[in-house]
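Chain by chain, the residues:
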Amino acid sequence: MTDKELKHLLESNAKTVQAMLDEMAEARQERQELREGMLQIQNAVAQLTNIQERITNLLISLDGDRPTILKKLSALETKLDQLLQQNPTDELG
């Protein structure tokens, strides 16, 4: 192999190695971007889970308050019935 051919082979190999290194760097960058994207998705899922738990707790709280509200409404209805029975000739409107 002549010096010129050897030099050409070395240059070709150097270009190939540089291209491989460039591809590796790009792949590394893409993997880093994917990791960051996955972290963002995980954070969003955690936030959605937290919101879902809060909504569930709120609904449970509302269900817990429902009997109290119904009791108060029932007491008001009973009181109104009593008042109407005491004054049957009076009209409310």
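Just above, that's the structure.
Chains are numbered independently. Their residues run from 1 in the order of the written sequence. Restriction of local features to residues with pLDDT of at least 70 applies here, the model being predicted, together with a cutoff of 80 or more for giving and counting side-chain atom pairs; totals for whole chains, interfaces and linings are based on all residues. Remark: hydrogens and water are excluded; side-chain values derive from all non-hydrogen atoms of the structure.

Digging into the overall build of the protein
We apply this condition: Counting from the N terminus, the helices are DSSP H or I runs at least four residues long and the strands are E runs at least two residues long. Only the C-alpha atoms count toward the radius of gyration. The rule for a globule is 2.2 Å times the residue count to the power 0.38. Remark: exposure states derive from per-residue accessible area (1.4 Å probe, protein chains only) relative to the maximum for the residue type, with buried under 20%, exposed over 50%, and partly exposed in between. Charged residues are defined narrowly, with Lys and Arg counted positive, Asp and Glu counted negative, and His plus the chain ends left uncounted. Charge coordinates come from a single atom per side chain, which is NZ of Lys, CZ of Arg, CG of Asp or CD of Glu.
A count of helices and strands for the protein gives one helix and zero strands. Computed over C-alpha atoms, the radius of gyration of the protein comes to 39 Å, more than 25% over the 12 Å expected from 2.2 N^0.38 for 93 residues, which places it beyond the range of a compact globule. Expressed as lengths along the three principal axes of its C-alpha atoms, the size of the protein is roughly 125 × 25 × 10 Å. Looking at the protein residue by residue over its 93 residues, the buried ones come to 0%. Taking the 11 positively charged and 16 negatively charged side chains of the protein as two groups, their mean positions are separated by 6 Å.

A look at a negative patch on the surface
Definition in use: Candidate patch residues must exceed 30% relative accessible area and have no salt bridge, after which like charges are joined if within 9 Å and Val, Leu, Ile, Met, Phe, Trp or Tyr side chains if within 5 Å. Here the open area of atoms and residues is found with the Shrake-Rupley method and a 1.4 Å probe, where only the protein chains shown may cover a residue. Whenever Lys or Arg places a side-chain nitrogen within 4 Å of a carboxyl oxygen from Asp or Glu, that contact is recorded as a salt bridge.
There is a patch of like negative charges on the surface, built from Asp22, Glu23, Glu26, Glu30, Glu33 and Glu36. Among the structural elements, Glu33 can be located in helix α1 (residues 3-86).

Notes on a nonpolar patch on the surface
There is a patch of nonpolar side chains on the surface, built from Leu48, Ile51, Ile55, Leu58, Leu59 and Leu62 and spanning about 580 Å² of accessible area. As for its position among the elements, Ile55 is in helix α1. Ile55 sits in the partly exposed class, given a relative accessible area of 46%.

Quick look at the environment of Thr49
Checked against the element boundaries, Thr49 lands in helix α1. As a C-alpha pair, Thr49 and Lys15 span 34 residues in sequence and 51 Å in three-dimensional space.

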